[in-house]
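Residue-level structure breakdown
Chain residues, written in single-letter form:
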Amino acid sequence: MSFISLTFSAFFLIFISLYHLASRLKKNAVFAQQILLLLAGFVFYGFADLHFLPFLLYVCALSYIGGIFCKKRVLLVIFILADLAPLLFFKYAPNGWRAHIIFPLGLSFFTFQSISYIADCYTKKIEAERNLLTVAQFISFFPVISSGPIQRAGNLIPQFKAVHHFDYDNATDGMKLFAWGMFKKLCIADRIAIYVNYVYGNAGEQYGLALLLATVLYSFQIYCDFSGYSDMAIGVARYMGFNVGKNFDHPYLSQSVGDFWRRWHISLSSWLRDYVYIPLGGSRVALPRIYANLFITFLVSGIWHGSTWNFVIWGLLHGFYLCVGRTMKPVFERMKIPSCLKVIFTFCLVTFAWIFFSAGSLPDSFIILKKQSHIPNELLHFSSMKNEIGIKESLRTMFALVHNSCGGFTGMAKTFVLLGALFFSEILTLQKSGLEFLREKKTTVRWAIYLICLLFLLKKLPLTLSFETKEKYSTNFIYQNF
């Protein structure tokens, strides 16, 4: 069930009405809300495909049993392998074995939640829950089940044990976060996707300049797409009275790749740190071991994202960046490089790595890199081309600015205006959250921002959705593929 759908709107309206009615019960209000949350999780998940439910139930049961009985290291390994078995099958089994089987929605995300729960029970960070209902709620919490943020039991489970009454501030903050996430997804990410898909889909026929522009734009597409989803999920949870943390913190303003990973997909990077990097020895070992730990951690990250070699290279490339950054840190500090140059350099490194992430396969990645290596020759060729067909047509040809790819020059100009607005908002909210920034503004300024956002959304919201189509035409999020 997509957040951007009439079905979800109806589902959430019914659910939240019952949920807040349950809070008014004089007795068993907590239990009533827990039952509603569990049912909502199963309905939300089962709506995607009823065949997915057995995998969710399996992970719920395994988490409950593992939390109670995982007392020895060998049992921890067994439970983790049992947890990973469905994920490994669907991602890495031969294609013939997986023929005609759809990858279960959110399997990667709630599997990692389950592993963290069992591991935390094993290490005594939390007490194992004796109530199956509570564990099942934790695994199936519907705002985050399909694409995160990945939750920790120590944060989320205590929140299930309190009554959640309607709170005006939580409700309005949740709606603002949801609207902002939808704006980033529909108005920026989906607009960019049209151009990126066109250029990358015909990479062999495009100029290197078009592929370079598509590569840069993909950095913003995946950010707006995934952070947009995260904002919507966090907003839904906030409306209900839950704090599920944040998943992005201005990642493209990072001054190093290490800083980038503290700001990008925070729930996954912190999970990898706590359950892969630190158990391997973290930074408490000799330098060669630290480098090995970094490479292994990011290899796991790459493999988690996909089973093809391009994802492996993407992960190892980030591991290489971090190792070089760690080695060269004293040199960089002595050079006193301006912060803005550090931000630009980090963005370039991350954007280069996105080529392997976004390409359909490793050969496709090499085609894109090969084409971009021709850019110097293309710039020399541009002089003669503009004399023959004019500068406007030359730019249109070299950057693939055809109408069906981005709306031509006008469409690309609108894209850059929206990216400028995004960059401006990132700068304004660097020291404080967007919600705090809005609270400080006058009523007229706040409502002007709301109305502008609303006008863009009303123009972009897919009007073809209906209950009968079951989201056939709804907008997909990139990270739902993982």
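See above for the structure.
Residues numbered from 1 in each chain as written. Predicted model: local features only at pLDDT ≥ 70, side-chain atom pairs only at ≥ 80, totals over all residues. Heavy atoms only, no water.

1. Looking at the nonpolar core
- With 135 residues, the main nonpolar core has Phe 142 and Tyr 195 as its most contacted residues.
- For this core, the leading source of residues is helix 9 (residues 208–240), giving 18 residues.
- Phe 142 has contacts with Phe 8, Phe 11, Phe 12, Phe 15, Leu 37, Ala 40, Gly 41, Phe 44, Val 236 and Met 240, leaving out every residue within four places of it along the chain.
- Of all hydrophobic cores here, the second largest spans five residues; its members include Leu 209, Phe 382, Met 385 and Met 398. (Core = buried A, V, L, I, M, F, W, Y, C linked by side-chain atoms within 4.5 Å. Buried < 20%, exposed > 50% of the residue type's maximum accessible area, 1.4 Å probe, protein only. Helix = DSSP H or I, 4+ residues; strand = E, 2+ residues; numbered from the N terminus. Contact = heavy atoms within 4.5 Å.)

2. Focus: the packing of aromatic side chains
- Taken as a whole, this structure holds 56 aromatic pairs when the rule is applied.
- With centroids separated by 3.9 Å and ring planes inclined at 10°, the aromatic side chains of Phe 112 and Trp 271 adopt a geometry described as stacked. In this pair, Phe 112 sits in helix 5 (residues 107–122) while Trp 271 sits in helix 11 (residues 266–277), placing the two residues 159 residues apart along the sequence. The residues Phe 112 and Trp 271 share a single accessibility class, namely buried. (Phe/Tyr/Trp six-rings, centres within 6.5 Å; stacked < 30°, edge-to-face > 60°.)

3. Brief notes about empty space enclosed by the protein
- Counted by the stated rule, this structure contains one cavity of 30 Å³ or more.
- In this structure, the largest cavity spans a volume of roughly 30 Å³.
- As for the largest cavity, its lining consists of Tyr 19, Val 30, Gln 33, Gln 34, Leu 37, Gln 137, Phe 160, Ala 162, His 164 and Phe 242.
- Broken down by element, the residue count for the lining of the largest cavity peaks at four residues, all from helix 2 (residues 29–48).
- In the lining of the largest cavity, the residues fall into six nonpolar, four polar and no charged. (1 Å grid on protein atoms, 1.4 Å probe; cavity = no way out; pocket = protein on both sides within 12 Å on 5 of 7 lines; lining within 4 Å. Points joined across faces, edges and corners; volume = space filled by probe spheres on them. Nonpolar A, V, L, I, M, F, W, Y, C, P; charged D, E, K, R; others polar.)

4. Some details on the pattern of salt bridges
- Enumeration over the complete set of coordinates arrives at twelve salt bridges.
- Put simply, Lys 432 and Glu 440 hold a salt bridge, and the shortest N to O gap is 2.8 Å.
- Here Lys 432 falls in the partly exposed class, since its relative accessible area comes to 28%.
- The exposure class assigned to Glu 440 is exposed, which follows from its relative accessible area of 52%. (Salt bridge = Lys/Arg side-chain N within 4 Å of Asp/Glu carboxyl O.)

5. Comments concerning the packing of helix 9 against helix 16 (residues 375–389)
- It is at 9 Å that the axes of helix 9 and helix 16 come closest, and there the two elements cross at 120°. Classed by the angle they form, the pair helix 9 and helix 16 counts as oblique. In this structure, helix 9 uses Gly 208, Leu 209 and Leu 212 to contact helix 16, whose residues at the interface are Ile 375, Glu 378 and Leu 379.
- Each residue belonging to the contact of helix 9 with helix 16 can be placed in one class, and the counts come to four nonpolar, one polar and one charged. (Axes fitted to C-alpha atoms, helices over the stretch in contact; angles between N-to-C directions. Parallel < 35°, antiparallel > 145°, perpendicular 65-115°, else oblique.)

6. Quick look at helix 15 (residues 362–372)
- Taken residue by residue, helix 15 has Leu 362, Ser 365, Ile 368 and Gln 372 as its buried positions. Around the axis of helix 15, the buried residues are gathered within 120° of arc, so they sit on the same side. Facing away from the buried surface of helix 15 by more than 90 degrees, the exposed residues are Pro 363 and Lys 370.
- Its buried side turned inward, helix 15 meets helix 8 (168–201), helix 9, helix 13 (309–335), helix 14 (339–358) and helix 16. (Arc of directions from axis to C-beta.)

7. Observations concerning unusual backbone geometry
- Look at the link from Gly 148 to Pro 149: it is a cis peptide, with omega at 5°.
- For Pro 149, the location among the structural elements is in the loop between helix 6 (132–140) and helix 7 (153–160).
- Of note in this structure, Asn 28 is not a glycine but carries a positive phi near 60°.
- Mapping Asn 28 onto the fold places it in the loop between helix 1 (6–22) and helix 2.
- Given the relative accessible area of 57%, Asn 28 is considered exposed.
- Backbone geometry at Lys 336 places phi at a positive 50°, although glycine is not the residue there.
- Residue placement: Lys 336 occurs in the loop between helix 13 and helix 14.
- Among the residues examined, Lys 336 registers a relative accessible area of 73% and is labelled exposed.

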